[in-house]
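# Structural features, examined
Here's the letter readout for the chains.
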Amino acid sequence: MIKEEIKKQIEDKTARIGVIGLGYVGLPLVVEFASEGFEGIGFEVDRKKVEAINRGESYIVDVPSEDVAACLESKKLTATTDFSKIADCDVVVICVPTPLRKTKDPDMSYIIAAGREICKYMRKGQLVILESTTYPGTTDEVLQPMFEEAGFKLDEDFLLAFSPERVDPGNPQFQTHNIPKVVGGVSEDSTDAASFLYSKIVESVHSVSSARVAEACKLWENTFRAINIGMANEMAKLCKTLGIDTWEVVRAAATKPFGFMAFYPGPGLGGHCIPLDPHYLSWKARQHGFDSRFISLAEEVNSNMPEYVIELASEALNDDRKPVNGSKVLVLGVAYKKNIDDMRESPALSVIDLLRAKGADVVYHDPYVPEVTFDHAYTIGDGEPLSNQELTDDLISDSDCVIICTDHSNVDYKRVTELSSLIIDTRNALDEDTRNGSKARIVRL
Ligand code: SAJ
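Since we're looking at a predicted model, the values are computed, not measured.

### Details of the domain arrangement of the protein chain
The domain architecture assigned to the protein chain consists of domain 1 (2-210) and domain 2 (304-444). Between the C-alpha centres of domain 1 and domain 2 the distance comes to 41 Å.

Written as C-alpha coordinates, this is what we have:
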(Lines give C-alpha, C1' and ligand atoms only; values in the text may rest on other atoms or scores of the structure.)
Protein backbone atom coordinates (compact mmCIF):
# COMPACT_ATOMS: atom_id res chain seq x y z
CA MET A 1 0.00 0.00 0.00
CA ILE A 2 1.47 3.35 -0.99
CA LYS A 3 0.18 5.51 1.89
CA GLU A 4 3.30 5.06 4.07
CA GLU A 5 5.65 5.81 1.16
CA ILE A 6 3.79 9.05 0.32
CA LYS A 7 3.65 10.10 3.99
CA LYS A 8 7.39 9.51 4.30
CA GLN A 9 8.05 11.75 1.26
CA ILE A 10 5.82 14.39 2.84
CA GLU A 11 7.57 14.11 6.21
CA ASP A 12 11.04 14.57 4.73
CA LYS A 13 9.72 17.10 2.18
CA THR A 14 11.03 15.18 -0.82
CA ALA A 15 7.46 14.96 -2.15
CA ARG A 16 7.20 17.00 -5.35
CA ILE A 17 3.87 18.87 -5.37
CA GLY A 18 2.19 19.56 -8.69
CA VAL A 19 -0.66 22.11 -8.83
CA ILE A 20 -2.82 22.23 -11.95
CA GLY A 21 -4.37 25.68 -12.48
CA LEU A 22 -2.51 28.74 -11.19
CA GLY A 23 -5.37 31.14 -10.46
CA TYR A 24 -6.51 32.71 -7.18
CA VAL A 25 -6.52 29.21 -5.62
CA GLY A 26 -3.63 27.37 -7.29
CA LEU A 27 -0.94 30.04 -7.19
CA PRO A 28 -1.18 30.77 -3.43
CA LEU A 29 -1.23 27.00 -2.81
CA VAL A 30 1.87 26.08 -4.85
CA VAL A 31 3.77 29.07 -3.38
CA GLU A 32 2.74 27.99 0.13
CA PHE A 33 4.12 24.48 -0.48
CA ALA A 34 7.33 25.84 -2.06
CA SER A 35 7.78 28.31 0.82
CA GLU A 36 7.52 25.39 3.23
CA GLY A 37 10.41 23.61 1.48
CA PHE A 38 8.56 21.32 -0.92
CA GLU A 39 9.41 21.37 -4.61
CA GLY A 40 6.37 22.93 -6.27
CA ILE A 41 5.55 22.52 -9.96
CA GLY A 42 2.77 24.73 -11.29
CA PHE A 43 0.88 23.54 -14.39
CA GLU A 44 -0.97 26.10 -16.50
CA VAL A 45 -2.42 26.18 -20.00
CA ASP A 46 -1.93 29.96 -20.07
CA ARG A 47 1.65 30.51 -21.21
CA LYS A 48 1.57 34.18 -20.06
CA LYS A 49 0.93 33.06 -16.48
CA VAL A 50 3.78 30.54 -16.70
CA GLU A 51 6.18 33.16 -18.04
CA ALA A 52 5.18 35.67 -15.36
CA ILE A 53 5.77 33.17 -12.55
CA ASN A 54 9.11 32.07 -14.00
CA ARG A 55 10.09 35.76 -14.07
CA GLY A 56 9.23 35.96 -10.38
CA GLU A 57 6.06 37.99 -10.98
CA SER A 58 2.70 37.37 -9.31
CA TYR A 59 -0.64 38.28 -10.92
CA ILE A 60 -2.70 37.32 -7.85
CA VAL A 61 -3.42 40.03 -5.26
CA ASP A 62 -2.74 37.75 -2.25
CA VAL A 63 0.63 36.49 -3.55
CA PRO A 64 3.43 39.06 -3.38
CA SER A 65 5.88 38.82 -6.30
CA GLU A 66 8.62 38.71 -3.67
CA ASP A 67 7.29 35.36 -2.48
CA VAL A 68 7.28 33.97 -6.03
CA ALA A 69 10.81 35.29 -6.62
CA ALA A 70 12.03 33.78 -3.34
CA CYS A 71 10.65 30.36 -4.32
CA LEU A 72 12.38 30.62 -7.70
CA GLU A 73 15.60 31.66 -5.96
CA SER A 74 15.45 28.62 -3.70
CA LYS A 75 14.72 26.47 -6.78
CA LYS A 76 11.54 25.26 -5.08
CA LEU A 77 9.13 26.54 -7.72
CA THR A 78 8.74 26.17 -11.45
CA ALA A 79 5.75 26.79 -13.68
CA THR A 80 5.20 24.97 -16.95
CA THR A 81 2.73 24.27 -19.75
CA ASP A 82 4.33 20.84 -20.17
CA PHE A 83 1.87 18.49 -18.47
CA SER A 84 4.14 15.49 -19.01
CA LYS A 85 5.98 16.68 -15.89
CA ILE A 86 3.00 15.36 -13.92
CA ALA A 87 4.92 12.08 -14.05
CA ASP A 88 7.60 13.72 -11.85
CA CYS A 89 5.11 14.71 -9.15
CA ASP A 90 4.29 12.68 -6.05
CA VAL A 91 1.23 14.83 -5.30
CA VAL A 92 -1.04 16.48 -7.88
CA VAL A 93 -3.60 19.09 -6.74
CA ILE A 94 -6.31 20.17 -9.21
CA CYS A 95 -7.33 23.84 -8.88
CA VAL A 96 -9.19 24.51 -12.12
CA PRO A 97 -12.37 26.58 -12.67
CA THR A 98 -15.83 25.09 -12.22
CA PRO A 99 -18.13 27.58 -13.97
CA LEU A 100 -21.78 27.14 -14.91
CA ARG A 101 -23.02 26.59 -18.43
CA LYS A 102 -25.54 29.09 -19.79
CA THR A 103 -28.19 26.55 -18.75
CA LYS A 104 -27.00 26.91 -15.13
CA ASP A 105 -25.72 23.31 -15.24
CA PRO A 106 -22.20 22.48 -13.96
CA ASP A 107 -19.42 22.84 -16.53
CA MET A 108 -17.12 19.92 -15.64
CA SER A 109 -14.93 20.33 -18.71
CA TYR A 110 -11.96 21.79 -16.82
CA ILE A 111 -11.94 19.03 -14.19
CA ILE A 112 -12.29 16.34 -16.87
CA ALA A 113 -9.49 17.90 -18.94
CA ALA A 114 -7.21 17.96 -15.87
CA GLY A 115 -8.14 14.35 -15.08
CA ARG A 116 -7.29 13.29 -18.62
CA GLU A 117 -3.90 15.04 -18.45
CA ILE A 118 -3.16 13.24 -15.19
CA CYS A 119 -4.20 9.88 -16.72
CA LYS A 120 -1.71 10.42 -19.55
CA TYR A 121 1.25 10.77 -17.20
CA MET A 122 0.09 9.04 -14.01
CA ARG A 123 2.41 6.55 -12.38
CA LYS A 124 2.24 4.27 -9.32
CA GLY A 125 2.61 6.07 -6.00
CA GLN A 126 0.79 9.37 -6.58
CA LEU A 127 -1.70 11.25 -4.38
CA VAL A 128 -4.26 13.26 -6.36
CA ILE A 129 -6.37 15.95 -4.66
CA LEU A 130 -9.25 17.96 -6.18
CA GLU A 131 -9.79 21.47 -4.73
CA SER A 132 -12.17 22.91 -7.34
CA THR A 133 -15.64 23.56 -5.94
CA THR A 134 -17.99 20.91 -7.33
CA TYR A 135 -21.02 18.73 -6.60
CA PRO A 136 -20.83 15.86 -4.07
CA GLY A 137 -19.72 12.72 -5.94
CA THR A 138 -17.37 14.35 -8.47
CA THR A 139 -14.18 12.91 -6.96
CA ASP A 140 -15.41 9.32 -6.63
CA GLU A 141 -17.75 9.26 -9.66
CA VAL A 142 -15.69 11.22 -12.22
CA LEU A 143 -12.01 11.17 -11.28
CA GLN A 144 -11.65 7.80 -9.53
CA PRO A 145 -13.08 5.78 -12.49
CA MET A 146 -10.82 7.72 -14.90
CA PHE A 147 -7.71 6.63 -13.00
CA GLU A 148 -8.98 3.04 -12.53
CA GLU A 149 -9.82 2.75 -16.24
CA ALA A 150 -6.23 3.86 -16.90
CA GLY A 151 -5.18 0.70 -15.07
CA PHE A 152 -4.41 2.10 -11.60
CA LYS A 153 -5.78 0.56 -8.40
CA LEU A 154 -6.95 2.74 -5.53
CA ASP A 155 -4.72 2.55 -2.43
CA GLU A 156 -2.24 0.30 -4.20
CA ASP A 157 -1.25 2.60 -7.06
CA PHE A 158 -2.88 5.96 -6.23
CA LEU A 159 -4.66 7.87 -3.48
CA LEU A 160 -7.46 10.37 -4.16
CA ALA A 161 -9.09 13.06 -2.00
CA PHE A 162 -11.11 16.29 -2.09
CA SER A 163 -10.27 19.41 -0.12
CA PRO A 164 -12.33 22.58 -0.71
CA GLU A 165 -10.54 25.84 -1.42
CA ARG A 166 -11.48 28.59 1.01
CA VAL A 167 -9.45 31.42 -0.48
CA ASP A 168 -11.01 34.80 0.20
CA PRO A 169 -9.22 37.12 -2.24
CA GLY A 170 -7.95 40.30 -0.62
CA ASN A 171 -8.70 39.15 2.94
CA PRO A 172 -5.72 40.38 5.00
CA GLN A 173 -6.70 38.36 8.09
CA PHE A 174 -7.17 34.91 6.54
CA GLN A 175 -4.65 33.45 4.12
CA THR A 176 -3.84 29.84 3.15
CA HIS A 177 -1.90 28.97 6.33
CA ASN A 178 -4.57 30.03 8.84
CA ILE A 179 -7.79 28.95 7.11
CA PRO A 180 -8.82 25.53 8.50
CA LYS A 181 -8.63 22.88 5.77
CA VAL A 182 -11.36 20.24 5.35
CA VAL A 183 -10.06 17.01 3.77
CA GLY A 184 -11.96 13.90 2.66
CA GLY A 185 -10.55 10.93 0.73
CA VAL A 186 -12.25 8.27 -1.39
CA SER A 187 -10.50 5.81 0.96
CA GLU A 188 -9.14 5.91 4.50
CA ASP A 189 -5.56 5.87 3.22
CA SER A 190 -6.40 8.79 0.92
CA THR A 191 -7.89 10.84 3.75
CA ASP A 192 -4.92 10.05 5.96
CA ALA A 193 -2.24 10.97 3.39
CA ALA A 194 -4.00 14.13 2.14
CA SER A 195 -4.63 15.35 5.71
CA PHE A 196 -0.98 14.74 6.56
CA LEU A 197 0.10 16.72 3.51
CA TYR A 198 -2.01 19.77 4.36
CA SER A 199 -0.89 19.64 7.99
CA LYS A 200 2.53 20.75 6.69
CA ILE A 201 1.18 24.09 5.36
CA VAL A 202 -2.07 24.77 7.27
CA GLU A 203 -2.43 25.30 11.00
CA SER A 204 -5.66 23.29 11.28
CA VAL A 205 -6.81 20.28 9.23
CA HIS A 206 -10.31 18.85 9.65
CA SER A 207 -10.49 15.32 8.22
CA VAL A 208 -13.88 13.92 7.20
CA SER A 209 -14.96 10.41 6.26
CA SER A 210 -15.27 10.83 2.49
CA ALA A 211 -14.64 13.10 -0.49
CA ARG A 212 -18.41 13.60 -0.78
CA VAL A 213 -18.64 15.03 2.73
CA ALA A 214 -15.85 17.50 1.89
CA GLU A 215 -17.52 18.44 -1.42
CA ALA A 216 -20.87 18.92 0.31
CA CYS A 217 -19.26 20.96 3.11
CA LYS A 218 -17.98 23.60 0.68
CA LEU A 219 -21.34 23.87 -1.06
CA TRP A 220 -23.13 24.16 2.28
CA GLU A 221 -20.82 27.05 3.26
CA ASN A 222 -21.51 29.07 0.13
CA THR A 223 -25.19 28.11 -0.21
CA PHE A 224 -25.58 29.37 3.36
CA ARG A 225 -24.36 32.77 2.15
CA ALA A 226 -26.52 32.88 -0.97
CA ILE A 227 -29.69 32.00 1.00
CA ASN A 228 -28.99 34.50 3.77
CA ILE A 229 -28.24 37.24 1.29
CA GLY A 230 -31.54 36.32 -0.37
CA MET A 231 -33.29 36.70 2.95
CA ALA A 232 -31.64 40.12 3.49
CA ASN A 233 -32.86 41.20 0.05
CA GLU A 234 -36.40 40.02 0.74
CA MET A 235 -36.32 41.71 4.16
CA ALA A 236 -35.33 44.96 2.38
CA LYS A 237 -38.45 44.79 0.22
CA LEU A 238 -40.59 43.85 3.24
CA CYS A 239 -39.20 46.71 5.38
CA LYS A 240 -39.75 49.22 2.57
CA THR A 241 -43.35 48.04 2.29
CA LEU A 242 -43.74 48.65 6.02
CA GLY A 243 -41.88 51.98 5.88
CA ILE A 244 -39.08 50.70 8.12
CA ASP A 245 -35.35 51.46 7.62
CA THR A 246 -33.88 48.07 6.65
CA TRP A 247 -30.32 49.00 7.53
CA GLU A 248 -31.33 50.19 10.99
CA VAL A 249 -33.09 46.86 11.55
CA VAL A 250 -30.06 44.78 10.52
CA ARG A 251 -27.72 46.93 12.61
CA ALA A 252 -29.98 46.40 15.62
CA ALA A 253 -30.30 42.63 15.03
CA ALA A 254 -26.52 42.40 14.75
CA THR A 255 -26.18 43.52 18.37
CA LYS A 256 -27.30 39.99 19.31
CA PRO A 257 -24.04 38.33 20.40
CA PHE A 258 -25.20 34.80 19.49
CA GLY A 259 -27.55 33.08 17.08
CA PHE A 260 -27.46 35.81 14.43
CA MET A 261 -25.13 36.67 11.56
CA ALA A 262 -25.61 39.94 9.72
CA PHE A 263 -26.21 39.91 5.98
CA TYR A 264 -27.13 43.01 4.03
CA PRO A 265 -29.36 43.77 1.04
CA GLY A 266 -27.73 44.80 -2.19
CA PRO A 267 -28.34 45.16 -5.95
CA GLY A 268 -27.88 41.41 -6.46
CA LEU A 269 -25.38 38.58 -6.10
CA GLY A 270 -21.98 38.86 -7.75
CA GLY A 271 -18.66 37.05 -7.67
CA HIS A 272 -17.18 33.79 -8.86
CA CYS A 273 -18.43 31.60 -6.00
CA ILE A 274 -21.69 32.53 -4.32
CA PRO A 275 -23.91 32.92 -7.40
CA LEU A 276 -22.62 29.66 -8.90
CA ASP A 277 -21.86 27.13 -6.16
CA PRO A 278 -25.47 26.52 -5.00
CA HIS A 279 -26.36 25.46 -8.55
CA TYR A 280 -23.81 22.63 -8.34
CA LEU A 281 -25.67 21.36 -5.26
CA SER A 282 -29.19 21.78 -6.67
CA TRP A 283 -28.16 20.18 -9.96
CA LYS A 284 -26.88 17.07 -8.15
CA ALA A 285 -29.98 16.99 -5.94
CA ARG A 286 -32.21 17.08 -9.02
CA GLN A 287 -30.40 14.04 -10.45
CA HIS A 288 -31.76 12.25 -7.38
CA GLY A 289 -35.24 13.70 -7.66
CA PHE A 290 -34.72 16.17 -4.85
CA ASP A 291 -35.89 19.77 -5.30
CA SER A 292 -33.79 22.13 -3.14
CA ARG A 293 -36.38 24.90 -2.78
CA PHE A 294 -34.24 27.23 -0.61
CA ILE A 295 -31.60 27.38 -3.36
CA SER A 296 -34.21 28.09 -6.04
CA LEU A 297 -35.92 30.73 -3.91
CA ALA A 298 -32.62 32.46 -3.07
CA GLU A 299 -31.72 32.46 -6.77
CA GLU A 300 -35.13 33.97 -7.62
CA VAL A 301 -34.88 36.71 -4.97
CA ASN A 302 -31.21 37.56 -5.61
CA SER A 303 -31.46 37.58 -9.40
CA ASN A 304 -34.53 39.85 -9.18
CA MET A 305 -32.68 42.56 -7.25
CA PRO A 306 -31.42 44.46 -10.35
CA GLU A 307 -35.04 44.75 -11.56
CA TYR A 308 -36.02 45.99 -8.09
CA VAL A 309 -33.32 48.66 -8.26
CA ILE A 310 -34.68 49.77 -11.64
CA GLU A 311 -38.21 49.92 -10.15
CA LEU A 312 -36.96 52.23 -7.39
CA ALA A 313 -35.15 54.43 -9.90
CA SER A 314 -38.14 54.53 -12.27
CA GLU A 315 -40.54 55.53 -9.48
CA ALA A 316 -38.15 58.20 -8.20
CA LEU A 317 -37.61 59.67 -11.69
CA ASN A 318 -41.37 59.57 -12.21
CA ASP A 319 -41.78 61.71 -9.10
CA ASP A 320 -39.56 64.24 -10.91
CA ARG A 321 -41.79 63.88 -13.99
CA LYS A 322 -38.89 62.24 -15.81
CA PRO A 323 -39.29 59.02 -17.80
CA VAL A 324 -36.39 56.59 -17.57
CA ASN A 325 -36.30 56.82 -21.36
CA GLY A 326 -33.83 59.59 -22.14
CA SER A 327 -32.79 60.15 -18.52
CA LYS A 328 -29.09 60.45 -17.77
CA VAL A 329 -28.11 57.87 -15.15
CA LEU A 330 -24.72 57.69 -13.44
CA VAL A 331 -23.92 54.26 -11.95
CA LEU A 332 -21.45 54.62 -9.10
CA GLY A 333 -19.40 51.43 -8.56
CA VAL A 334 -19.67 48.41 -10.88
CA ALA A 335 -17.35 45.79 -9.26
CA TYR A 336 -19.20 42.89 -7.62
CA LYS A 337 -18.27 44.08 -4.14
CA LYS A 338 -16.46 46.99 -2.51
CA ASN A 339 -12.79 47.85 -2.90
CA ILE A 340 -11.97 45.22 -5.52
CA ASP A 341 -11.76 45.32 -9.33
CA ASP A 342 -13.54 42.01 -10.02
CA MET A 343 -16.57 42.25 -12.29
CA ARG A 344 -17.58 38.60 -12.42
CA GLU A 345 -21.38 38.23 -12.23
CA SER A 346 -21.54 41.82 -10.99
CA PRO A 347 -25.21 42.89 -10.55
CA ALA A 348 -24.21 46.36 -11.79
CA LEU A 349 -24.00 44.85 -15.28
CA SER A 350 -27.68 43.88 -15.07
CA VAL A 351 -28.64 47.29 -13.67
CA ILE A 352 -26.89 49.05 -16.58
CA ASP A 353 -28.38 46.66 -19.13
CA LEU A 354 -31.94 47.06 -17.81
CA LEU A 355 -31.61 50.86 -17.76
CA ARG A 356 -30.40 50.87 -21.35
CA ALA A 357 -33.25 48.59 -22.41
CA LYS A 358 -35.59 51.30 -21.08
CA GLY A 359 -33.79 53.97 -23.10
CA ALA A 360 -31.73 55.57 -20.34
CA ASP A 361 -28.38 57.16 -21.19
CA VAL A 362 -26.05 55.34 -18.77
CA VAL A 363 -22.47 56.16 -17.74
CA TYR A 364 -20.47 54.76 -14.82
CA HIS A 365 -17.69 55.68 -12.47
CA ASP A 366 -15.66 52.99 -10.73
CA PRO A 367 -12.06 53.76 -9.73
CA TYR A 368 -11.20 50.06 -9.88
CA VAL A 369 -12.78 49.16 -13.23
CA PRO A 370 -11.45 50.88 -16.38
CA GLU A 371 -13.89 49.22 -18.78
CA VAL A 372 -17.10 47.18 -18.76
CA THR A 373 -18.09 44.80 -21.54
CA PHE A 374 -21.32 42.86 -21.93
CA ASP A 375 -22.03 39.26 -22.99
CA HIS A 376 -24.45 39.80 -25.87
CA ALA A 377 -26.08 36.44 -25.12
CA TYR A 378 -27.32 37.93 -21.88
CA THR A 379 -28.02 41.57 -22.68
CA ILE A 380 -31.39 43.06 -23.63
CA GLY A 381 -30.00 46.60 -24.02
CA ASP A 382 -27.54 47.67 -26.72
CA GLY A 383 -24.70 45.87 -24.93
CA GLU A 384 -22.09 48.42 -26.02
CA PRO A 385 -18.93 48.50 -23.85
CA LEU A 386 -18.58 51.39 -21.38
CA SER A 387 -15.43 52.95 -19.99
CA ASN A 388 -14.91 54.50 -16.59
CA GLN A 389 -15.81 58.21 -16.51
CA GLU A 390 -13.92 60.60 -14.23
CA LEU A 391 -16.16 61.71 -11.36
CA THR A 392 -16.26 65.39 -12.32
CA ASP A 393 -18.77 67.89 -10.92
CA ASP A 394 -20.46 68.04 -14.32
CA LEU A 395 -20.76 64.25 -14.56
CA ILE A 396 -22.62 64.24 -11.24
CA SER A 397 -24.73 67.39 -11.72
CA ASP A 398 -25.70 66.44 -15.29
CA SER A 399 -27.18 63.13 -14.17
CA ASP A 400 -30.91 62.85 -13.54
CA CYS A 401 -30.22 59.94 -11.19
CA VAL A 402 -27.15 58.44 -9.50
CA ILE A 403 -27.32 54.74 -8.59
CA ILE A 404 -24.74 53.51 -6.07
CA CYS A 405 -24.24 49.82 -6.97
CA THR A 406 -20.91 49.26 -5.19
CA ASP A 407 -19.81 51.17 -2.11
CA HIS A 408 -16.09 51.61 -2.77
CA SER A 409 -14.44 53.45 0.10
CA ASN A 410 -12.45 55.84 -2.11
CA VAL A 411 -15.43 57.78 -3.51
CA ASP A 412 -16.36 61.24 -2.12
CA TYR A 413 -20.04 60.54 -1.42
CA LYS A 414 -20.58 63.89 0.31
CA ARG A 415 -19.72 65.65 -2.94
CA VAL A 416 -22.09 63.35 -4.82
CA THR A 417 -24.97 64.30 -2.48
CA GLU A 418 -24.17 67.99 -2.94
CA LEU A 419 -24.14 67.89 -6.74
CA SER A 420 -26.82 65.39 -7.68
CA SER A 421 -30.61 65.70 -7.44
CA LEU A 422 -31.54 62.02 -6.99
CA ILE A 423 -29.55 59.10 -5.56
CA ILE A 424 -30.57 55.44 -5.34
CA ASP A 425 -28.29 53.96 -2.66
CA THR A 426 -28.31 50.12 -2.89
CA ARG A 427 -25.42 49.65 -0.42
CA ASN A 428 -26.09 52.06 2.43
CA ALA A 429 -22.98 53.91 1.28
CA LEU A 430 -24.36 57.24 2.54
CA ASP A 431 -24.07 57.53 6.31
CA GLU A 432 -26.63 59.46 8.33
CA ASP A 433 -24.66 62.73 8.41
CA THR A 434 -24.16 62.62 4.64
CA ARG A 435 -27.84 61.88 4.13
CA ASN A 436 -28.94 64.67 6.46
CA GLY A 437 -26.72 67.23 4.73
CA SER A 438 -27.73 66.09 1.28
CA LYS A 439 -29.35 68.41 -1.29
CA ALA A 440 -30.24 65.29 -3.30
CA ARG A 441 -33.31 63.16 -2.71
CA ILE A 442 -32.04 59.78 -1.49
CA VAL A 443 -33.83 56.47 -1.99
CA ARG A 444 -32.33 53.48 -0.17
CA LEU A 445 -32.93 49.74 -0.43
N1 SAJ B 1 -23.41 40.31 -0.70
C2 SAJ B 1 -24.59 40.94 -0.32
N3 SAJ B 1 -24.91 40.99 1.00
C4 SAJ B 1 -24.11 40.43 1.96
C5 SAJ B 1 -22.91 39.79 1.55
C6 SAJ B 1 -22.59 39.74 0.22
O7 SAJ B 1 -25.34 41.46 -1.16
O8 SAJ B 1 -24.43 40.52 3.14
C9 SAJ B 1 -23.09 40.24 -2.12
C10 SAJ B 1 -21.74 40.87 -2.43
O11 SAJ B 1 -21.89 42.24 -2.70
C12 SAJ B 1 -21.29 40.08 -3.66
C13 SAJ B 1 -21.88 38.69 -3.42
O14 SAJ B 1 -22.94 38.87 -2.47
O15 SAJ B 1 -21.86 40.63 -4.82
C16 SAJ B 1 -20.86 37.68 -2.86
O17 SAJ B 1 -20.26 38.31 -1.77
P18 SAJ B 1 -19.25 37.52 -0.75
O19 SAJ B 1 -19.02 38.41 0.41
O20 SAJ B 1 -19.77 36.17 -0.50
O21 SAJ B 1 -17.90 37.56 -1.54
P22 SAJ B 1 -17.18 36.48 -2.40
O23 SAJ B 1 -17.90 36.09 -3.62
O24 SAJ B 1 -15.81 37.01 -2.58
O25 SAJ B 1 -17.18 35.21 -1.46
C26 SAJ B 1 -15.99 34.72 -0.95
C27 SAJ B 1 -16.29 33.30 -0.67
N28 SAJ B 1 -15.06 32.56 -0.54
C29 SAJ B 1 -15.01 31.33 -1.09
O30 SAJ B 1 -15.93 30.84 -1.68
C31 SAJ B 1 -13.75 30.62 -0.96
C32 SAJ B 1 -17.11 33.16 0.58
O33 SAJ B 1 -17.15 31.80 1.01
C34 SAJ B 1 -16.55 34.00 1.69
O35 SAJ B 1 -17.37 33.83 2.85
C36 SAJ B 1 -16.62 35.44 1.25
O37 SAJ B 1 -15.65 35.50 0.19
C38 SAJ B 1 -16.24 36.40 2.36
O39 SAJ B 1 -16.46 36.06 3.54
O40 SAJ B 1 -15.81 37.51 2.03
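### Quick look at the sheet that holds strand β9 (residues 328-332)
With respect to topology, 5 strands assemble into an open sheet ordered β10-β9-β13-β14-β15, the strand pairing being parallel. At either end of the open sheet lies a strand with only one pairing partner, and these are β10 (361-365) and β15 (441-444). Going across the sheet, the axis of each strand differs from the next one's by a mean of 20°, ignoring polarity. Bridge count between β9 and β10: 5 bridges; the pairing is parallel. Each bridged residue has a counterpart across the sheet, and for Lys328 the counterpart in β10 is Asp361. Strand contacts of helix α12 (residues 305-319): β13 (401-404), β14 (422-425) and β15, with the helix running at about 160° to β14, the strand carrying the most contacts.

### Description of the packing of aromatic side chains
Scanning all chains against the criterion turns up 7 aromatic pairs. Centre to centre, the rings of Phe147 and Phe158 are 5.6 Å apart; their planes meet at 80°, and the pair counts as edge-to-face. On the criterion of sequence distance, the pair formed by Phe147 in helix α6 (residues 138-149) and Phe158 in strand β6 (residues 158-162) is long-range, its members being 11 residues apart. Taking the centre distance of 5.6 Å and the plane angle of 75° together, the rings of Phe224 and Phe263 count as edge-to-face. Here the residue Phe224 occupies a position in helix α8 (residues 211-242), and Phe263 occupies one in the loop between α9 (246-253) and α10 (277-287), the gap between them amounting to 39 residues. Exposure remark for Phe263: the relative accessible area of 9% places this residue in the buried category. Grouping aromatic residues by their ring pairs yields a cluster made of Phe33, Phe38 and Tyr198. Lying over the aromatic face of Tyr198, Lys181 brings its terminal NZ or CZ to 4.6 Å of the ring centre. A cation sits over an aromatic face here: Lys237 above Tyr308, 5.1 Å from the ring centre.

### A look at empty space enclosed by the protein
For the structure shown, the criterion picks out 1 cavity of 30 Å³ or more. Approximately 110 Å³ is the volume attributed to the largest cavity. Looking at the lining of the largest cavity residue by residue, the classes come out as 6 nonpolar, 1 polar and 4 charged.

### Structural notes on the packing of α6 against α8
Following both chains from N to C, one finds α6 and α8 inclined at 125°, their axes separated by 8 Å at the closest point. The orientation of α6 with respect to α8, classified from their angle, is oblique. Within the contact between the two elements, α6 uses Thr138, Thr139, Asp140 and Glu141 and α8 uses Ala211, Arg212 and Glu215. Considered class by class, the residues forming the contact of α6 with α8 number 1 nonpolar, 2 polar and 4 charged.

What counts and what doesn't
Residues numbered from 1 in each chain as written. Predicted model: local features only at pLDDT ≥ 70, side-chain atom pairs only at ≥ 80, totals over all residues. Heavy atoms only, no water. Domains from an automatic or database assignment. Pairing = 2+ DSSP bridges. Helix = DSSP H or I, 4+ residues; strand = E, 2+ residues; numbered from the N terminus. Axes fitted to C-alpha atoms, helices over the stretch in contact; angles between N-to-C directions. Contact = heavy atoms within 4.5 Å. Phe/Tyr/Trp six-rings, centres within 6.5 Å; stacked < 30°, edge-to-face > 60°. Buried < 20%, exposed > 50% of the residue type's maximum accessible area, 1.4 Å probe, protein only. Lys NZ or Arg CZ within 6 Å of the ring centre and 35° of its normal. 1 Å grid on protein atoms, 1.4 Å probe; cavity = no way out; pocket = protein on both sides within 12 Å on 5 of 7 lines; lining within 4 Å. Points joined across faces, edges and corners; volume = space filled by probe spheres on them. Nonpolar A, V, L, I, M, F, W, Y, C, P; charged D, E, K, R; others polar. Parallel < 35°, antiparallel > 145°, perpendicular 65-115°, else oblique.

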